[in-house]
Amino acid sequence: MTVLDHRHHTSVPGWLPGATAPRTDPAPLLPDASPVRVLGTPALDTYDPAVLRELYRRLVVGRRYNQQATVLTKQGRLAVYPASTGQEACQVAAAMALGRADWLFPSYRDTLAVVSRGVDPLEALTLLRGNAHTGYDPRAVRTAPLCTPLATQAPHAVGLAHAARLGGEPLVALAMLGDGGTSEGDFHEALNFAAVLQAPVVFLVQNNGYAISVPLTRQSAAPTLAHKAVGYGMPGRLVDGNDAPAVHSVLTEAVERARAGGGPTLVEALTYRLEAHTNADDATRYREDDEVAAWRERDPVLLMERHLRAAGLLDDELVRAAAEEAEALAARMRAEFHTDAELDPMSLFAHVYAEPTQQLREQAAQLSAELAAERAAEAGVRHS
């Protein structure tokens, strides 16, 4: 049944007296008691070695990308950068789980996922540099703009996926959120619509323990965030968010389930934000050093290298090649950000609406007049 089919399909609920239909069993929708893991388990032996090595390469490059962007922010060359340091496994696995025709709906902290999706690393930072609404063409790369308001991208993912299915396009949308996003109404509305419409959507919640300074215990009393799925009628999966192949495996399964018509899945990845929320945040005011140190022991990059070396799947040559690629990217970022980009203020009004509103046209006209007046004043000064 699609949204265009208005016929009512009803049955007597199983909990009413005399009903014959059984009550829906929630057990298949509930997450496992412990997070899915691959590293350090027999499952690693059955994983595609090429996928494991590619995950490692992207983790190493991604870590350096995060580090360099953070430095550029401290130097004032980036307006803001919400680092995903410590969450790189979720970022690269999300991008790798999608097909070329699928869509990614990132939050503001998911710049690395956007880069791993194939967007130019410098274009991905355009918004955070303050230069434009977004630095890439969303349609060309099948990636929505970085979303700063919490969870508003989740309903968009559902809408696009459902519309594509109605049009016969077999794509999947993956929406990325943080644990803080699950406290927003948009998140719950998106899950409800996705489940009712059986839309081909995957929701990835990166539970890094804090919504800025608010710990998860002050946001939700649920056993896990993955348990929220059952209330909407979709499966919930719990995965170790620092275990790159585990995240990749769970997301790949959820994506293919959605593509086959199985409906949406909510995936909770348990991870940790090693850096501050942004450059404007002082994480030492609400996190203990011992807590951060404990999570550094579960660094996703180090975990991956350690286990792949032990399994004989990683050698010095690949480690060196990944490190050199990472340093080359960092050098390119430093060189590009050394000079300020020349911007056209009128570009603010482009790509906002397909047909500009009256208010937008008025604002554009006002700014155009102000710019013209500035140029005339500067010309007068030069000729005086």
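Each value, and the rule that gives it
Residues numbered from 1 in each chain as written. Predicted model: local features only at pLDDT ≥ 70, side-chain atom pairs only at ≥ 80, totals over all residues. Heavy atoms only, no water. Helix = DSSP H or I, 4+ residues; strand = E, 2+ residues; numbered from the N terminus. Buried < 20%, exposed > 50% of the residue type's maximum accessible area, 1.4 Å probe, protein only. Contact = heavy atoms within 4.5 Å. Areas by Shrake-Rupley, 256 points an atom, 1.4 Å probe, with all protein chains shown as cover. Expected span 1.5 Å × (residues − 1). Polar contact = N/O pair within 3.5 Å; in protein donor to acceptor, adjacent residues only side chain to side chain. 1 Å grid on protein atoms, 1.4 Å probe; cavity = no way out; pocket = protein on both sides within 12 Å on 5 of 7 lines; lining within 4 Å. Points joined across faces, edges and corners; volume = space filled by probe spheres on them. Nonpolar A, V, L, I, M, F, W, Y, C, P; charged D, E, K, R; others polar. Pairing = 2+ DSSP bridges. Right-handed = clockwise from strand over helix to strand, strands pointing away. Phe/Tyr/Trp six-rings, centres within 6.5 Å; stacked < 30°, edge-to-face > 60°.

(A) Highlighting the overall build of the protein. When its secondary structure is counted, the protein shows 12 helices and 7 strands. Considered along the principal axes of its C-alpha atoms, the protein spans approximately 95 × 60 × 40 Å. Going through the 384 residues of the protein one by one, you find that 45% of them count as buried. Intrachain contacts of the protein at a sequence separation of at least 6 include 75% that bridge at least 24 residues. If you sum the accessible surface of the protein, you get close to 19400 Å²; carbon and sulfur atoms cover 54% of it.

(B) Inspection of helix H1 (residues 49–74) at higher detail. Look at H1: 38 Å from first C-alpha to last across 26 residues, which is about the 38 Å you get at 1.5 Å a residue. Between a side-chain oxygen at the N-terminus of H1 and the backbone nitrogen of Ala-50 the separation is 2.9 Å; the capping residue is Asp-48. Count one or two residues on from H1 and you reach Gly-76, which has phi positive near 80°.

(C) Inspection of the layout of surface pockets at higher detail. Of the voids in this model, the largest pocket is the one considered here, and its volume is about 900 Å³. If one sorts the elements of the lining of the largest pocket by residue count, helix H6 (residues 153–166) sits on top with 3 residues. Classifying every residue of the lining of the largest pocket gives 16 nonpolar, 9 polar and 2 charged. The calculated volume of the second largest pocket comes to roughly 230 Å³. Lining the second largest pocket are 18 residues, and of these Tyr-108, Arg-109, Leu-150, Gly-178 and Gly-180 lie nearest its centre. Split by residue class, the lining of the second largest pocket holds 6 nonpolar, 8 polar and 4 charged.

(D) Geometry of the pairing of strand S2 (residues 173–178). Across the 6 residues that make up S2, a large majority, 5, are buried. With 3 bridges connecting them, strand S1 (residues 103–105) and S2 associate as parallel partners. Bridge pairing links Trp-103 to Ala-173 in S2. In the classification by handedness, the crossover that spans S2, the intervening helix H7 (residues 185–197) and the parallel strand S3 (residues 201–207) is right-handed.

(E) Layout of the packing of aromatic side chains. Scanning all chains against the criterion turns up 3 aromatic pairs. Summarising the aromatic geometry, the rings of Trp-103 and Phe-105 are spaced 5.9 Å apart at their centres and angled 35° between planes, so their arrangement reads as tilted. In this pair, the class of Trp-103 matches that of Phe-105, namely buried. The interplanar angle of 50° and the centroid separation of 5.5 Å between the aromatic rings of Tyr-210 and Tyr-286 together place this pair among those described as tilted. In this pair, Tyr-210 is assigned in strand S4 (residues 210–211) and Tyr-286 in the loop between strand S7 (265–270) and helix H9 (289–296), connecting sequence segments 76 residues apart. Residue class for Tyr-210 comes out buried when judged on its relative accessible area of 11%.

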